[in-house]
Amino acid sequence: MSTNTFEMNSFIDTAHAFAAKSVASIFDGEHADGKLDKIDDVLSTAFSIGLAASPDPNQPGYDYGIWGASLSETGLAPSALMLSSVAEVCGGMALNLHVQGLASQIIALASRKPASPPTRVAPAIQEEFGLPGWGTLNIPSLDAPARVISQAQKTKKGYVIDGVKPFMYAMPGAEAAVVFCRVDDNWGCFLIPLNLTGTQCSDVGVRSGLRASYLTHLTLKDVTVPAEARLDDGDALPLLMRALSLNWLGLAAIGAGIARGAVRAARKYASERYQGGTMLENHPVIRMLIAGAESNMEGASALVARAADIGLGTPELMRASAIARLTGMQLATEATTDSLQVFGGYGYMEDYGMEKRLRDVTVLKSMAGTPQYLKQFIFESGEAR
Amino acid sequence: MKPTDQTDIERQATPIIPDIIPDQTARTAKIRTDIHTATEADPTLKKRIAELAMPGASRNLNFFGKLLVDCAEKTIWERDTATLPLGCRYWRRKARDFARQYIRPDALAADLDPNNYDPKPILSAAAKAGFQTAMMPFPIGTAEPFAYLRAAVMQPAVIAEEFATECGGIGLLLLAHHLGCAPIMLSGHIPSMLRHLLPLYMRLKKGAAETMAFAITEPGAGSDVEETEGGAQAHLITTAKPAQGGYIINGRKCFISGGGFAQKVTLYAKLEGEGIESWTCFIVDKDMPGFSVGRLEHKMGQRASDAAELILEDVFVPKENVVGKLRSGWANNRNVLNYSRPCVGAMALGHGRGAFERALEFCRRTYLGPKRLIDYQDVQYTLSDMAMSLWSARAMIWHSCAQLLRCNQSSSATAKVIASDIAVKVCNQAIELMGDHGYVHANSVERLWRDSRLTQIYEGTNQINRLSLIEHLWETEFDK
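Treat the numbers as computed from the prediction; the structure is a model and nothing was measured.

## So, the overall build of chain B
Of the regular secondary structure elements, chain B holds 17 helices and 10 strands. Among the 480 residues that make up chain B, the fraction classed as buried is 52%. Contacts spanning at least 24 positions in sequence make up 74% of the contacts within chain B whose residues lie at least 6 apart.

In structure tokens, the structure reads:
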């Protein structure tokens, strides 16, 4: 990791300040998920201070925003820590910055850059069945366990793309999607404007948490794109591997941040609430709950830090990210639910924001691969090393 | 309503989760069809496996050997039901039919927009069907007397599981009523029963949409009023002051399940100038001057039932509304919790079962490459773990109910803790099995998960319940 401590701290300070001032401002009402109509203003601030990355080089966050273009220079840790900082206040807002950064990073890494890149982009990785398994990742036309159905067919002028990319997270106002699909027996990666004929974004509907981020199914029906829309030069597998690695790492970082926020809130509540003849924090059972939550939260953070310390583009990063996503998220969830328990009935009500944290981390835990999938993936990627 | 003998297999014909991925285009749909029909298992191997499975293999046993093998094609639900006393079997089947007919269709909307959910039709239907009077045996209530004598709360517990399988919020709306009635029944005070419970039950049997609520929690005393040591040091504010012909009550109660809707509340207050030892149970009618409903909480789950703040400002309660003896409230309250905790455990079990059933259907219907999800061994392993966990929770709940009429503190607390922890675990497993589909509201699994999380908190947090077991068994088990 090449970023020095001073630079790292300044990144994290920026994220902390953003979370404390801008993000926290949406929670001044009654509703647990905050004032969702204020999100766009908050995201505009994130772009203006360079926290949100963008494929557009004219944006302040192009290089050093979360998962910005200079990732090989900064290493992964600053982005992961910034995501955690924002997630301490709002997991959904951190997810907005993460998916924006993830798509921007793929475009920045691509061998063929778009001539006029959009500002807001979203990554579309999943297939109908979820993420590609180890065998399918290597050969997308193979049922190992399930072949990639979304596909692009080459024509004289460019490509015609068909398929459904379900559960695409995007920040509000996303203009284009970075779509992974099959081109013959290889992977292809395309930048597809979301207003193109044949594209349709259908709202997934009400969901448990992370409501600050948009979630849609992207349907592509005979979408015609020019040859320049393709970002890779014949095989997008390296781009896809980076996308998967960063996605798992980012989600794990957000989970760790949510858990940290939950533990802090529990400690504060326990020091203020009188119960059973003394302050709550004086009860050994409560101390056990909080200490256990802190340990789990630190465990989650450590798994993120370990993965973030590994070099970009290596198989080790992919495996460590998958482990951070699987086990780190489990630890973060346990930390969050135990922190909520400290509040008793108040934890279940919207007032203290604890139930929102639990909803958010539970959604994170279910995104980007089931435990069965991740375990199979970790096993097979271990064999390959 | 006549209960039926349908098994859970009927669910396959009536999907309980919707399709939420948009329709595939023609080209990708054809690819999917090719995948699904391409791979068939080796027919010879399939035949051998079928012969080696127990139904086939047992044909080689002699007559008596065959008699000792249970290969009946029965669901866990049917197997468990067959072990129950006849009265409980009747209510279990009836409750499942009712839940599917009345609760399931309302569950999603009631959770999304509880403020606009009108509970009266379902309360009336449940009352007419006899569910709202099943806490007392016939002829006062509708519980079957022989089963009642064997296990007093078994009938409400089997009903609770069925209701909660479809919706925690509507389930709580219906079941919290029993909690409101329980202090009267457990006071052993015949005049209170005749004066308050009997007329209410008569109205309910005719279909009245009426409920009672149970009010112990105060803003400064939640867990304190559910455990002895905490109770001794609790900061209670709700106080009853003797007056001509009754008492004047001042104070506040919070988080009262169904408190916003209930017509009457069994409410506990200390007597003026005394501590929690003087706790007395009063029946407070919402029409009494000075009584008002304050804030309705915004909850994470079980949203169809309100959690209300009750405000008492110089509320005059006649002495006829004192339940049992003065200062008997603490013991009454603790015993109510002993009787209600197995039912809370049963509700938790229902949430877990609802999530399991939906995840199971998802795994049957969803393809991963050439196979359905359920055909993968790792998925089967997880589903099996979920089913086993739920089964063990049910065993503990039914064991705690079958304590020869009375419920005891330790087995009730154990049932509640085991079942609620298992329910949350199973709901989490269901969400994870379904991946992104698991947290979508339309699929109901995330709702049941949110519902289940409350069962680890109310009726005493699971931490408090664990201490209850120590307290109950201290002399006999731990410190003898």
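## Topic: the overall build of chain A
In terms of helices and strands, chain A carries 12 helices and 9 strands. Expected size for 385 residues packed as a compact globule is a radius of gyration near 21 Å; at 21 Å, chain A falls within 12% of this value. When each of the 385 residues of chain A is scored for burial, the buried share is 62%. Taking as baseline every contact in chain A between residues at least 6 positions apart, the subset at least 24 positions apart corresponds to 71%.

## Digging into the environment of A144 of chain A
Residue and element names in this part refer to chain A. As for its placement among the helices and strands, A144 is situated in the loop between helix 6 (134–138) and strand 2 (151–154). Counting along the chain gives 71 residues from A144 to E73, while the straight-line C-alpha distance between them is 36 Å. With near-sequence residues (within four places) excluded, A144 lies in contact with G133, G135 and T136.

## So, unusual backbone geometry
Looking along the chain, the bond that leaves A144 of chain A and enters P145 of chain A is cis, with omega of 5°. By secondary structure assignment, the location of P145 of chain A is in the loop between helix 6 and strand 2. Even without being a glycine, R327 of chain B presents a positive backbone phi close to 65°. If you trace the backbone, R327 of chain B turns up in the loop between strand 8 (322–323) and helix 13 (329–365). Taking the C-beta count within 10 Å as the criterion, R327 of chain B has 15 such neighbours and is therefore assigned partly exposed.

## Observations concerning the domain arrangement of chain B
All names here are of chain B. In terms of domain boundaries, chain B breaks down into domain 1 (76–210), domain 2 (214–328) and domain 3 (331–478). Summarising the inter-unit geometry, the C-alpha centres of domain 1 and domain 3 are found 20 Å apart. Contact residues are listed per partner, giving 29 residues for domain 1 and 29 residues for domain 3. Elements supplying a minimum of two residues to the side of domain 1 that touches domain 3: helix 5 (76–82), helix 6 (86–112), helix 8 (145–150), helix 9 (154–166) and helix 10 (168–187). Among the elements that take part in the side of domain 1 that touches domain 3, helix 9 stands out by supplying 10 residues, more than any other. Taken together, the residues of the side of domain 1 that touches domain 3 sort by class into 18 nonpolar, 5 polar and 6 charged.

## Digging into the interface of chain B and chain A
Chain B puts 47 residues into the contact, and the matching count from chain A is 43 residues. The element that contributes the greatest number of residues to the side of chain B that touches chain A is helix 1 (residues 26–38) of chain B, accounting for 5 residues.

## Looking at the domain arrangement of chain A
Residue and element names in this part refer to chain A. You can read the domains of chain A as domain 1 (5–109), domain 2 (121–235) and domain 3 (238–384). Relative to domain 3, the C-alpha centre of domain 2 lies at a distance of 29 Å. Taken together, the contacts link 15 residues of domain 2 with 18 residues of domain 3. Looking at the side of domain 2 that touches domain 3, its residues break down into 9 nonpolar, 4 polar and 2 charged.

## Details of the nonpolar core
Generally speaking, soluble globular proteins have nonpolar side chains that are buried together. V86, A177, F190, L249 and V304 of chain A together with F282 and A430 of chain B are the most contacted members of the largest nonpolar core, which totals 277 residues. Counting residues per element, this core draws most heavily on helix 7 (residues 237–272) of chain A, which supplies 20 residues. Excluding residues that lie within four positions of it along the chain, L249 of chain A makes contacts with L76, A80, V304, A307, A308, S321 and A324 of chain A.

## Looking at the packing of helix 13 of chain B against helix 14 (residues 377–401) of chain B
All names here are of chain B. Packing of helix 13 against helix 14 leaves a shortest axis separation of 10 Å and a crossing angle of 160°. When the interaxial angle is binned, helix 13 and helix 14 end up roughly antiparallel. Seen from above, helix 13 lies across helix 14 with left-handed handedness. On helix 14, the residues that touch P342, G345, A346, L349, G352, R353, F356, L360 and C363 of helix 13 are V379, L383, M386, A387, L390, A393, R394, I397, S400 and C401.

## Section: the packing of helix 14 of chain B against helix 15 (residues 409–433) of chain B
Between two packed helices, the angle of one axis relative to the other and the distance separating the axes together describe the packing. All names here are of chain B. Between helix 14 and helix 15, the shortest axis-to-axis distance is 9 Å and the interhelical angle comes to 160°. For the element pair helix 14 / helix 15, the angle class is roughly antiparallel. Both helix 14 and helix 15 take part in a crossing whose hand is left-handed. Along the contact surface, helix 14 presents V379, T382, M386, S389, L390, A393, M396, I397, H399 and S400, while helix 15 presents S411, S412, T414, A415, I418, A419, I422, K425, V426, Q429, A430 and L433.

## Quick word on the confidence of the model for chain B
All names here are of chain B. When pLDDT is averaged across chain B, the result is 89; 90% of the residues are at 70 or more. When mean pLDDT is compared element by element in chain B, helix 16 (residues 445–454) scores highest at 97, while helix 1 scores lowest at 54. In the predicted assembly, ipTM is 0.94 and pTM is 0.93.

## Brief notes about helix 15 of chain B
All names here are of chain B. The terminal C-alpha atoms of helix 15, which comprises 25 residues, lie 36 Å apart, in line with the 36 Å expected from a rise of 1.5 Å per residue. With 21 of its 25 residues buried, helix 15 lies for the most part within the structure. At the exit of helix 15 stands G435, carrying a positive phi of roughly 60°.

## Notes on the pairing of strand 4 (residues 264–271) of chain B
All names here are of chain B. Across the 8 residues that make up strand 4, a large majority, 7, are buried. Sheet topology note: the strand 1 (residues 212–215)/strand 4 ladder contains 4 bridges and is parallel. Within strand 4, the residue paired with A213 across the bridge is V265. By the bridge criterion, 6 bridges tie strand 4 to strand 5 (residues 280–285) in an arrangement that is antiparallel. By the bridge assignment for strand 5, T266 is matched with I283.

## Side note on the pairing of strand 5 of chain B
Residue and element names in this part refer to chain B. When you tally the buried positions in strand 5, you get 5 out of 6 residues, the bulk of the element. Both strand 5 and strand 8 contribute to a ladder of 2 bridges, which runs antiparallel. Opposite F282, over in strand 8, you have V322 as the bridge partner.

## Overview of the environment of I256 of chain B
Residues and elements named next belong to chain B. Here I256 is to be found in strand 3 (residues 246–257). Taking the C-alpha atoms as reference points, I256 and F214, 42 residues apart in sequence, are found 6.8 Å from one another. Residue contacts for I256: discarding those within four places in its chain leaves A213, A215, T217, A307, A308 and L310.

## Structural notes on the environment of L374 of chain A
Residues and elements named next belong to chain A. By secondary structure assignment, the location of L374 is in helix 12 (residues 371–384). In sequence terms L374 and L239 are 135 residues apart; their C-alpha atoms lie 19 Å from each other. L374 has contacts with A322, R325, L326 and G369, leaving out every residue within four places of it along the chain.

Parameters and conventions
- Residues numbered from 1 in each chain as written.
- Chains lettered and ligands numbered in written order.
- Predicted model: local features only at pLDDT ≥ 70, side-chain atom pairs only at ≥ 80, totals over all residues.
- Helix = DSSP H or I, 4+ residues; strand = E, 2+ residues; numbered from the N terminus.
- Buried ≥ 20, exposed ≤ 12 C-beta atoms within 10 Å, placed from the backbone.
- Contact = placed C-beta atoms within 7 Å.
- Rg over C-alpha atoms; globule rule 2.2 N^0.38 Å.
- Domains from an automatic or database assignment.
- Nonpolar A, V, L, I, M, F, W, Y, C, P; charged D, E, K, R; others polar.
- Core = buried A, V, L, I, M, F, W, Y, C linked by C-beta atoms within 7 Å.
- Axes fitted to C-alpha atoms, helices over the stretch in contact; angles between N-to-C directions.
- Parallel < 35°, antiparallel > 145°, perpendicular 65-115°, else oblique.
- Left-handed = near helix turned anticlockwise from the far one by under 90°.
- pLDDT = per-residue confidence, 0-100.
- Expected span 1.5 Å × (residues − 1).
- Pairing = 2+ DSSP bridges.

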